[in-house]
Structure formats: C-alpha cells, structure tokens
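This is what each chain is made of:
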Amino acid sequence: MKSKQLSKKIIAGKYKGKKLLLPSKVTTRSSKSIVLESFFNTLQFEIIDANFVEVFSGSGSIGLEALSRGAKKIYFMEKDKEAVKTLQKNISQTDPSACEVFAGDSFENIQSVLSRLKKSNEDAFFYIDPPFSIREGMEEIYEKTMKLIEKLPALHVKMIIVEHMSGLKIPEFLGIYKVKKSKKFGNTTLTYLINNNME
C-alpha cells in the first residue's frame, strides 16, 4: 500500500489555503508551522515586493509563503531530485512565472542566483535552512553554510535568516554580517543576520 503523501497549507496571503506537498522525511525536513509563522510575523511588511532566496528549499513552503504574502520573485535551491519534483508541483499551484528553481548543489548554485540578482541590480532575503548536521553525510553542512554566508556580497543581501539546530551557536560575526537576533523554538532556532555596516 502506497503511503499517503504529507502536505501542509499556505497560511496567509493570496494563495492562503493552497495545499503544498511535502517531500520524503528521509531527505528533507519541513519547517515547523510555529517557526514559519514567527518568521513571517517578523518580516511581513518587509518582504512585500522583495526578492526571496530559499536555500535548501525542500518543498518550498517558506518561499511560496513569501510569494503568497507579496514577495516579487522567489529563487529556490534544492539538491534532492525527489524534493525538486515535489517543489515543481507546489510552484504550479501558485505563480510559476515568479519562481525559479536551481536544482543541484546549493553551494555551487549560489553563484547563479547571485548573478541573477547582479543582472537586475537587486538584493534579496536569503532564507537558509540546511539539513540538520546529525544526518548521515551532513556532518560538515553547518561549517560549509557559515563559509557560504561569509562570501555573500553585501550589495545583493537584504538580510540572511538561518534556520538551524538549537544546539548550534552561530558566531556573532560572519564576514561583514552580524547576528541581529535569535529566536528558539524547541530543537529549532531562527537566527537573523544583517550587514554590520547598515547600523
């Protein structure tokens, strides 16, 4: 018997109530609703007409929620082939013309996303939700993520948000970025980083 595919709904905005399929729990981890709601309550007005990059996007639930709430363009980045298929189905429920998927290794594809932003001379919110490092083969994922953040060019970054294991302490400074605030939700924490020169 085929197991029923899990799903979640878009919480608010023009696509409110649209059902998003969730990929396999084995390969990806869906952001908890409480985390998602807190994030959008924090930035609900800032994301209107903004670009949004969801790194390690899985089902795309964060990016599509951002789109539903008024973000202009969403860039999705996902390596897992099954998750990409699910992501494409979810995008088809909303506005595919406002979405672009970069399938493959996010650490490599980040350059392609940055060149898109450079071409349009725009910045974006970067939502980075790496697989938890306790997963097999993911032991170095956080280290690589920190290096990725350090290299992001300030010109194209509005803000960086990292969803991570609560046990991980993100350094106060990462290159030109500094931690603005962190909020803990049980095993998961959201850390917001901003350009240190913006203050």
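See the structure above.
Read on for an overview of the structure. As the structure is a prediction and not an experimental result, all values here were calculated from the model. (Residues numbered from 1 in each chain as written. Predicted model: local features only at pLDDT ≥ 70, side-chain atom pairs only at ≥ 80, totals over all residues. Heavy atoms only, no water.)

With that settled, consider unusual backbone geometry. Phi angles above zero are rare outside glycine, and Phe56 is one such case at about 60 degrees. Locating Phe56 in the fold gives a position in the loop between strand 3 (51–55) and helix 2 (61–68). Despite not being glycine, Asn121 has its phi angle at roughly 55 degrees, a positive value. In this structure, Asn121 sits in the loop between helix 4 (106–120) and strand 6 (124–128). With relative accessibility at 60%, the residue Asn121 sits in the exposed group. (Helix = DSSP H or I, 4+ residues; strand = E, 2+ residues; numbered from the N terminus. Buried < 20%, exposed > 50% of the residue type's maximum accessible area, 1.4 Å probe, protein only.)

If you walk across this open sheet you meet the eight strands as 5-4-3-6-7-10-9-8, and the pairing is mixed. Looking at strand neighbours, the two that pair on one side only are strand 5 (99–103) and strand 8 (173–174), the edges of this open sheet. Looking at chain direction, strand 6 and strand 7 (residues 157–165) are connected through five bridges and run parallel. Bridge assignment links Phe125 to a residue of strand 7, and that residue is Met159. Packing against the sheet, helix 2 makes contact with strand 3, strand 4 (73–78), strand 5 and strand 6, and its axis sits at approximately 165 degrees to strand 3. (Pairing = 2+ DSSP bridges. Contact = heavy atoms within 4.5 Å. Axes fitted to C-alpha atoms, helices over the stretch in contact; angles between N-to-C directions.)

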